Amino acid sequence: MIRLENVTKIYASKAQSCLALDHISLTLPNQGFVAILGPSGCGKTTLLNLLGGLDSPSEGTIFVDGKSMNEWDEKALDSYRNQQVGFVFQNYYLIPHLSVYENIALSLELHHLNVKEHHEEIMEIIEKVGLKGKENRKMNEISGGERQRVAIARALIKHPKVIIADEPTGNLDAKNRDIVIDILKSLSKER
Ligand code: ADP
Ligand code: MG
């Protein structure tokens, strides 16, 4: 589904430029779990940002379902980011004063979907990530591992074809790391 061809990313400022990705070519499978490993600063986040349409390459092409992202206008990019891709980050990016339920529902509201109509589905996803019974807790009333599971649930409610997770276990202890990886692995069986 996603293929990179000679993708280069250079961050240029007046003072200096940084070659973050140097002619990367790779094909991602349509389904499954892919991990990108490497030391800090090697370009992992840069690559994920390009895959998710959050940034664009300096050179080279990313093909999604055979179509070059270079040709897409803002509208096409928006719909890709909003509908096809779900993002999970190390720092969660959840809204602190909202509950587990509300953080997930917000994702629907941002897509102009009716939360009441999707109530059952929200509850199913909350159960899927093991947070049943905690749906009314605020973000400071749950653990880091649970927060990351809210972030995964928030991504899932959009039914994305691809979940992009950038160091999703970076802030977690060993036990929660295993739980989050297990959830992501089981999700990768269907996307
Ligand atoms: P990783 O996620 O593997 O730690 P990054 O993709 O964040 O690596 O960074 C790759 C390289 O690009 C690093 O040398 C980093 O300093 C540089 N870099 C990342 N983002 C920017 C930016 N916005 N402007 C300039 N340089 C950047
Ligand atoms: Mg990074």
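As a reminder, the structure under discussion sits directly above these lines.
As a starting point, this report considers the structure included with it. (Residues numbered from 1 in each chain as written. Chains lettered and ligands numbered in written order. Predicted model: local features only at pLDDT ≥ 70, side-chain atom pairs only at ≥ 80, totals over all residues. Heavy atoms only, no water.)

1. So, the overall build of the protein
Which entries qualify depends on this criterion: Elements are defined by DSSP. Helices are runs of H or I of four residues or more, strands are runs of E of two residues or more, and each kind is numbered from the N terminus. Burial classification: accessible surface area is computed with a 1.4 Å probe over protein chains only, and a residue below 20% of its type maximum counts as buried, one above 50% as exposed, and the rest as partly exposed. The criterion used for residue contact is that any of the two residues' heavy atoms lie within 4.5 Å. Accessibility throughout is a Shrake-Rupley quantity obtained with a 1.4 Å probe, and a residue counts as covered only by protein chains that appear here. Residues counted as positive are Lys and Arg, residues counted as negative are Asp and Glu, and His and the chain ends are not counted. A charged residue contributes its charge at one atom only: NZ of Lys, CZ of Arg, CG of Asp or CD of Glu.
A count of helical and extended segments in the protein gives six helices and six strands. Listed N to C, the secondary structure of the protein is β-β-α-β-β-α-β-α-α-α-β-α in terms of helices and strands. Here the protein holds 191 residues, and 43% of them are scored as buried. Sequence-distant contacts in the protein: of pairs separated by 6 or more residues, those separated by 24 or more amount to 67%. About 10900 Å² of surface is accessible on the protein, with carbon and sulfur atoms providing 49% of the total. Positive and negative side-chain charges in the protein, numbering 23 and 25 respectively, have mean positions lying 3 Å apart.

2. So, the environment of Cys-42
Topologically, Cys-42 is positioned in the loop between β2 (17-28) and α1 (44-51). In sequence terms Cys-42 and Leu-26 are 16 residues apart; their C-alpha atoms lie 16 Å from each other.

3. Brief notes about the packing of aromatic side chains
Put simply, the rule reads: Stacked, tilted and edge-to-face are the three classes assigned to paired rings of Phe, Tyr and Trp, where Trp is represented by its six-membered ring and a pair needs centres within 6.5 Å; plane angles under 30 degrees give stacked, over 60 edge-to-face, the rest tilted.
Enumeration over the complete set of coordinates arrives at three aromatic pairs. Seen from their ring centres, Trp-72 and Tyr-80 are 5.3 Å apart, and the 65° between their planes marks the pair as edge-to-face. Residues Trp-72 and Tyr-80 agree in their burial class; the two are buried. Aromatic side chains Phe-89 and Tyr-93 sit 5.3 Å apart centroid to centroid with 80° between the ring planes, which places their arrangement in the edge-to-face category. Owing to a relative accessible area of 55%, Tyr-93 belongs among the exposed residues under this scheme. In this structure an aromatic cluster arises from ring pairing among Phe-87, Phe-89 and Tyr-93.

4. Quick notes on the site of ligand 1
Worth spelling out the cut-off: We define proximity as follows: a residue is near a molecule or strand when any one of its heavy atoms falls within 4 Å of that partner. Polar contacts, as counted here, are pairs of nitrogen or oxygen atoms within 3.5 Å of one another; within protein the pair requires one atom able to donate a hydrogen and one able to accept it, and residues that are adjacent in sequence qualify only if both atoms are side-chain atoms. The classification used treats Ala, Val, Leu, Ile, Met, Phe, Trp, Tyr, Cys and Pro as nonpolar, Asp, Glu, Lys and Arg as charged, and all other residues, Gly among them, as polar.
Near ligand 1, the surroundings consist of Tyr-11, Cys-18, Ala-20, Pro-39, Ser-40, Gly-41, Cys-42, Gly-43, Lys-44, Thr-45 and Thr-46. At a separation of 2.8 Å, an oxygen atom of ligand 1 approaches a polar backbone atom of Lys-44. One of the side-chain nitrogen or oxygen atoms of Thr-46 is found 2.5 Å away from an oxygen atom of ligand 1. For ligand 1, whose free accessible area comes to 560 Å², the fraction covered by protein is 58%. For the shell around ligand 1, the elements supplying multiple residues, two or more each, are β2 and α1. Take the shell around ligand 1: its biggest share by element is three residues, from α1. When the residues that make up the shell around ligand 1 are grouped by side-chain class, the tally is five nonpolar, five polar and one charged.

5. Points about the environment of Leu-172
Examined against the element boundaries, Leu-172 turns out to sit in the loop between β6 (162-166) and α6 (174-187). For the pair Leu-172 and Ser-143, spaced 29 residues apart in the sequence, the C-alpha separation amounts to 9.2 Å. Look past the residues within four positions of Leu-172 in its chain and what remains in contact with it is Tyr-92, Gly-144, Gly-145, Gln-148, Arg-177 and Val-180.

6. Regarding the environment of Phe-87
The residue Phe-87 is located in strand β5 (residues 85-89) in this model. Sequence separation between Phe-87 and Leu-48 is 39 residues; the distance between their C-alpha atoms is 9.6 Å.

7. A few points about the pattern of salt bridges
Here is the rule we go by: One speaks of a salt bridge when a side-chain nitrogen belonging to Lys or Arg is within 4 Å of a carboxyl oxygen belonging to Asp or Glu.
Tallied over the entire structure, the rule returns eight salt bridges. Among the salt bridges present, the one from Arg-3 reaches Glu-5, with a minimum N-O distance of 2.6 Å. Residue classification places Arg-3 among the partly exposed residues on the basis of a relative accessible area of 34%. Among the salt bridges present, the one from Arg-81 reaches Asp-78, with a minimum N-O distance of 2.8 Å. Remark: Asp-78 and Arg-81 occur in helix α2 (residues 74-84); sequence separation between them is three residues, near one turn of the helix. Take Asp-78: its relative accessible area is 36%, and that puts it in the partly exposed class.

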